[in-house]
Amino acid sequence: MTINALNAKKVLILMGSDSDYQTMKGAVDVLKEFHLQCEVRILSVHRAPEVATETASGARDAGYRVIICGAGMAAHLAGAVAANTILPVIGVPISSGALHGMDALCSTVQMPPGVPVATVAIDGARNAGVLAVQILATADDRLATQLQSFKRTLTEQVLEKDRKLQSMLG
Ligand code: RP5
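Residue positions are counted from 1 within each chain, in the order its sequence is given. Per-residue local features of the predicted model are confined to residues with pLDDT of at least 70, and side-chain atom pairs are confined, for both listing and counting, to 80 or more; whole-chain, interface and lining totals are unaffected and use all residues. Excluded from the side-chain calculations are hydrogens and water; all other atoms, namely the structure's heavy atoms, are used.

A.B. asks: Which parts of the structure should I look at to understand the environment of Leu143?
C.D. replies: Only runs of H or I of at least four residues qualify as helices and only runs of E of at least two qualify as strands under DSSP, and these elements are numbered from the N terminus. Here Leu143 lies in helix α7 (residues 141–169). C-alpha separation for the pair Leu143 and Lys9, spaced 134 residues apart in sequence, amounts to 14 Å. A contact between two residues is defined here by any heavy atoms of the two lying within 4.5 Å. Those residues within four positions of Leu143 in sequence are excluded, and the remaining contacts are Phe34, Leu36, Val133, Leu136 and Ala137.

Now the structure itself:
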């Protein structure tokens, strides 16, 4: 395997607007923690439908293995991307507008049979990043080892919080 193949960007992050970036940065940060590069694009399925469709249908041939899509309000980005690729698509409903993300959650998660979008919590971009790493780790032992260490850290953190609480309560 060449160095280029090892460093290839395997995660494509799409978002409906630049206003989504502050939230979607959570996914970018997780990927950085796992030393994974990603491509981040603003790509509205409503405002630039043809580019969105072409990007989704070409993503696998471009070398991507997972697509993360974040959008708010009538959030059709993840669903439309999922309709145009066989890659796993992770949806991040973003809290914006009058309904504070409930609209985006329903629009993202309620996909018809055969066209899944793995939907995380409203504004759950960090979990979208972790899930993308877990998907890539099914075929990457280095990532699998890193994930095991990551999960051990989560355990240690919660046990430490419990220790502190116990000592505070006496
Ligand atoms: C959605 O509308 C975007 O994903 C964003 O969350 C929301 C508002 O977009 P802007 O008006 O900030 O561009 O399509």
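What follows continues from the structure just given.
A.B. asks: What is the right way to read helix α3 (residues 49–58) from this model?
C.D. replies: Turn by turn, an α-helix covers 3.6 residues, leaving residues three or four places apart pointing in a common direction. Only protein chains enter the accessibility calculation, which uses a 1.4 Å probe. A residue is then buried if its area is under 20% of the maximum for its type, exposed if over 50%, and partly exposed in between. All of the buried residues in α3 are Ala52, Thr55 and Ala56. Summarising the axial view, the buried residues of α3 lie within an arc of 95°, below the 170-degree limit, and thus occupy one face. Across α3 from its buried face, at more than 90 degrees, point the exposed residues Glu50 and Glu54. Where α3 is buried, its residues touch β1 (11–15), β2 (38–42) and α4 (77–82). The arc in question is the one traced by the directions running from the helix axis out to the C-beta atoms.

A.B. asks: Would you mind showing me how to read the domain arrangement of the chain here?
C.D. replies: When the parts of a complex come together, some accessible area is lost, and that lost area is often used as the size of the interface. Segmentation of the chain into domains returns domain 1 (7–139) and domain 2 (141–170). Domain 1 puts 11 residues into the contact, and the matching count from domain 2 is 8 residues. The term buried area denotes the loss of accessible surface (1.4 Å probe radius) that occurs when two parts are joined, taken as the sum for both partners. When the buried surface of domain 1 facing domain 2 is broken down by residue, Phe34, Gln134 and Ala137 rank first, second and third, together holding 56% of it. N or O atoms within 3.5 Å of each other form a polar contact, as long as, within protein, one can give a hydrogen and the other can take it, and as long as residues adjacent in sequence are counted only when both atoms are side-chain atoms. Taken together, the connections running from domain 1 to domain 2 amount to 1 residue pair in polar contact (both at pLDDT 80 or more). Tallied by class, the residues present in the side of domain 1 that touches domain 2 amount to 7 nonpolar, 2 polar and 2 charged. For the purposes of this description, domain bounds are those given by an automatic or database domain assignment. Ten residues, namely Ala, Val, Leu, Ile, Met, Phe, Trp, Tyr, Cys and Pro, are considered nonpolar, four, namely Asp, Glu, Lys and Arg, are considered charged, and the remaining ones, Gly among them, are considered polar.

A.B. asks: Please explain a nonpolar patch on the surface as it appears in this structure.
C.D. replies: Like charges within 9 Å and nonpolar side chains (Val, Leu, Ile, Met, Phe, Trp, Tyr) within 5 Å are joined into patches, using only residues over 30% in relative accessible area that form no salt bridge. Methods summary: accessible areas were calculated by the Shrake-Rupley approach with a probe of 1.4 Å, and residue burial reflects only the protein chains presented. Salt bridges are identified by distance alone: a Lys or Arg side-chain nitrogen within 4 Å of an Asp or Glu carboxyl oxygen. Together, Leu165, Met168 and Leu169 make up a nonpolar patch on the protein surface, roughly 350 Å² of accessible area in all. Within the fold, Leu165 resides in helix α7. What makes Leu165 partly exposed here is its relative accessible area of 38%.

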